[in-house]
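Coordinates in review
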Amino acid sequence: MAQNTVEESRRTPPAPPTPLTLLGLGAMGTALAEAWLTAGHPLTVWNRTAARANALAVRGAVVADSAAEAVAANRLVVVCLLDDASVDEALAGADLAGKDLVNLVTSTPGQARARAAWAQRRGARYLDGGIMAVPPMIGVPAAGPYVFYSGSAGLFEEHGATLAVPADTRYVGEDAGSAALHDVALLSAMYGMFAGVAHAFALIRGEAVAPGGLAPLLRDFLTAMSRTVATTAEQLESGDYTKGVVSSLAMQVAGKGTLLRTAEEQGVSPELLEPYFRLMERRLELGSGEEDLTGVVDLLRR
């Protein structure tokens, strides 16, 4: 009997790829569309500038004349428009009853929660997404793209495989604002790193130090320093900011003068460094000099 079951399962054809609708064909939307088409998913697309859909139509995508028409075509609807206001405008005349709406527009946690309530009032299940990738990474698993998702657990469970075609998926809870919060937290850290990199390159401009020579040193040093992220998390969770300290707050505040004087000597503005140094000084005044830099997190909370 077990052998018959195996033979029957072998004869059972796999489920056909889920059809879906995609609204928005900018660089990211187009990359998503190409990934779904390559995987064989029937795809209906809409874009305000219709000409952007031409190449996708050649590959088999159905091009809708309006957003409402595109939404009507499929149960699963993915939105990748410019901003939150664009979502309002595009879906104003669409019937969302019974639809599964996945919003990949970059937004704030508050906007995501408001959009989830808006979708629920209109009869749709809702999932919010934060894309942690740039368009060339989409559809290329080796590049490591992924998307944070939050909102309807049922929607994610049903359509997770389809959503994972362009990029890996990471579900972060039923709070619709959680994906946006994760997204913005990571992006904020990224811009802080970019600020430090900009300052470092500014210091060597006009000197006999080639940017190409500094680049691998800078990359490797930042990679090594990234290990402190886990230490900071552990200290925040335990409440003990003196645990695992390598360079104390007092030591780092004392050493900041060298960094600022070097910037002055090199004719480089210290404006990217000074705000952080001021926070370090405030924390030193309030707490123990034996702490790590983790106490700065508490100063940032209003």
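This text follows the structure it describes.
Right, let's walk through the structure included here. Worth saying up front: this structure is predicted, and the values here are computed from it rather than measured.

Once that is clear, we can look at the packing of helix H11 (residues 249-265) against helix H12 (residues 274-286). H12 packs onto H11 with a crossing angle of 150° between their chain directions and a minimal axis gap of 10 Å. Judged on the interaxial angle alone, H12 and H11 are roughly antiparallel. Relative to H12, the crossing made by H11 is left-handed. Judged by residue contacts, Leu-249, Ala-250, Gln-252, Val-253, Lys-256, Leu-259 and Leu-260 of H11 engage Glu-274, Phe-277, Met-280, Glu-281, Arg-283 and Leu-284 from H12.

Turning to the pattern of salt bridges, a few remarks are in order. A full pass over the atoms with the stated rule returns 11 salt bridges. For Glu-89, the salt bridge is made with Arg-48, and the minimal N-O distance between the two is 3.6 Å. Here Arg-48 lies in the loop between strand E2 (43-46) and helix H3 (54-58) and Glu-89 lies in helix H5 (residues 84-91), a separation of 41 residues in the sequence. Overall, the relative accessible area of 53% leaves Arg-48 in the exposed class. For Asp-220, the salt bridge is made with Arg-219, and the minimal N-O distance between the two is 3.1 Å.

A separate point is the environment of Ala-112. Tracing the sequence through the fold places Ala-112 in helix H6 (residues 109-121). As a C-alpha pair, Ala-112 and Tyr-126 span 14 residues in sequence and 9.7 Å in three-dimensional space. For Ala-112, the residues in contact, after removing those within four places along its chain, are Ser-107, Tyr-126, Asp-128, Ala-176 and Gly-177.

According to the stated counting rule, one finds 4 aromatic pairs in the structure shown. Ring centres 4.9 Å apart and planes at 20° place the aromatic pair Phe-156 and Tyr-171 in the stacked group. With Phe-156 in helix H7 (residues 153-163) and Tyr-171 in strand E8 (residues 168-171), this residue pair connects regions lying 15 residues apart in the sequence. With relative accessibility at 17%, the residue Phe-156 sits in the buried group.

A separate point is the nonpolar core. Core analysis: the biggest nonpolar cluster contains 30 residues, and Leu-22, Val-102 and Ile-138 have the highest contact counts within it. Looking at this core, the elements that each hand over two or more residues are strand E1 (20-23), helix H2 (27-38), E2, strand E4 (76-79), strand E6 (125-132), strand E7 (146-151) and H7. The biggest single contributor to this core is H2, with 7 residues. Discounting residues that sit within four places of it in the chain, Leu-22 has contacts with Gly-29, Leu-32, Ala-33, Trp-36, Leu-43, Thr-44, Val-45, Trp-46, Val-78 and Cys-80. Residues Val-77, Val-87, Ala-116 and Tyr-126 belong to the second largest nonpolar core, which totals 22 residues.

So, on to the environment of Ala-97. With respect to the element layout, Ala-97 can be found in the loop between H5 and strand E5 (100-103). Residue Ala-97 is classed as partly exposed on the basis of its relative accessible area of 48%. Taking C-alpha positions, Ala-97 is 9.1 Å from Arg-121, a pair spaced 24 residues apart along the chain. When neighbours within four sequence positions are excluded, Ala-97 is seen to be in contact with Arg-122 and Gly-123.

The next thing to look at is helix H8 (residues 178-204). Residue pairs three or four apart in sequence face the same way in an α-helix, which turns once every 3.6 residues. In a regular helix each residue adds 1.5 Å, so 27 residues correspond to 39 Å; H8 covers 40 Å between its end C-alpha atoms and thus fits that length. Buried within H8 we find Ser-178, Ala-179, Ala-180, Asp-183, His-199, Ala-200 and Ile-204. As for H8, its buried residues are in contact with H6, E6, E7, helix H9 (211-225) and H11.

A few words now on the side chain of Asp-100. The topology assignment puts Asp-100 in strand E5. A distance of 2.8 Å separates the side chain of Asp-100 from the side chain of Arg-125, its partner in a polar contact.

Taken together, the 8 strands give an open sheet; going across it, the order is E3-E2-E1-E4-E5-E6-E7-E8, and neighbouring strands pair in mixed fashion. A single partner strand is all that each edge strand has here, and the edge strands are strand E3 (62-63) and E8. Of the strand pairs in this sheet, E7 and E8 are connected by 4 bridges, and their pairing is parallel. Across the sheet, Tyr-149 pairs through a bridge with Tyr-171, a residue of E8. Sheet strands touched by H7: E1, E4, E5, E6, E7 and E8. Its angle to E6, the strand with the most contacts, is close to 45°.

In this fold, Thr-228 is placed in helix H10 (residues 228-238). You can call Thr-228 partly exposed: its relative accessible area is 45%. Through-space distance from the C-alpha of Thr-228 to that of Met-280 is 16 Å; in sequence the pair is 52 residues apart.

Of the two faces of E4, the one carrying Leu-76 and Val-78 and the one carrying Val-77 and Val-79 are both buried. In terms of strand pairing, E1 meets E4 through 4 bridges, oriented parallel. The residue bridging Leu-23 from the neighbouring strand is Val-79, located in E4. Where E4 meets E5, 4 bridges bridge the pair, whose relative direction is parallel. The residue bridging Val-77 from the neighbouring strand is Leu-101, located in E5.

Parameters at a glance
- Here the residue numbering is sequential within each chain, running from 1 through the sequence in written order.
- With pLDDT at 70 or above as the cut-off, local features in this predicted model cover only qualifying residues; side-chain atom pairs require 80 or more to be listed or tallied, and sums for whole chains, interfaces and linings still use all residues.
- Excluding hydrogens and water, the side-chain values take into account all heavy atoms of the structure.
- Throughout, an axis means a line fitted to C-alpha atoms (over the contacting stretch in the case of helices), and angles, computed between N-to-C directions, take values from 0 to 180 degrees.
- Going along the chain from the N terminus, every DSSP run of H or I of four or more residues is numbered as a helix, and every run of E of two or more is numbered as a strand.
- An angle below 35 degrees is read as roughly parallel, one above 145 as roughly antiparallel, one from 65 to 115 as roughly perpendicular, and any other as oblique.
- Left-handed describes a crossing in which the near helix is turned anticlockwise from the far one by less than a right angle; the clockwise case is right-handed.
- Any two residues whose heavy atoms approach within 4.5 Å are treated as being in contact.
- Whenever Lys or Arg places a side-chain nitrogen within 4 Å of a carboxyl oxygen from Asp or Glu, that contact is recorded as a salt bridge.
- Working definition: with a 1.4 Å probe on protein chains only, accessible area under 20% of the residue-type maximum means buried, over 50% means exposed, and in between means partly exposed.
- Ring pairs are drawn from Phe, Tyr and Trp, using the six-membered ring of Trp, whenever the two centres fall within 6.5 Å, and their geometry is named by plane angle: stacked under 30 degrees, edge-to-face over 60, tilted for the rest.
- Among the buried residues, those of types Ala, Val, Leu, Ile, Met, Phe, Trp, Tyr and Cys that are joined through side-chain atoms within 4.5 Å form a nonpolar core.
- Expected span of a helix: the number of residues minus one, times 1.5 Å.
- For the purposes of these results, a polar contact is taken to be a pair of N or O atoms within 3.5 Å, where, inside protein, one atom must be able to donate a hydrogen and its partner to accept one; residues adjacent in sequence count only when each atom of the pair is a side-chain atom.
- For two strands to pair, DSSP has to find at least two bridges joining them.

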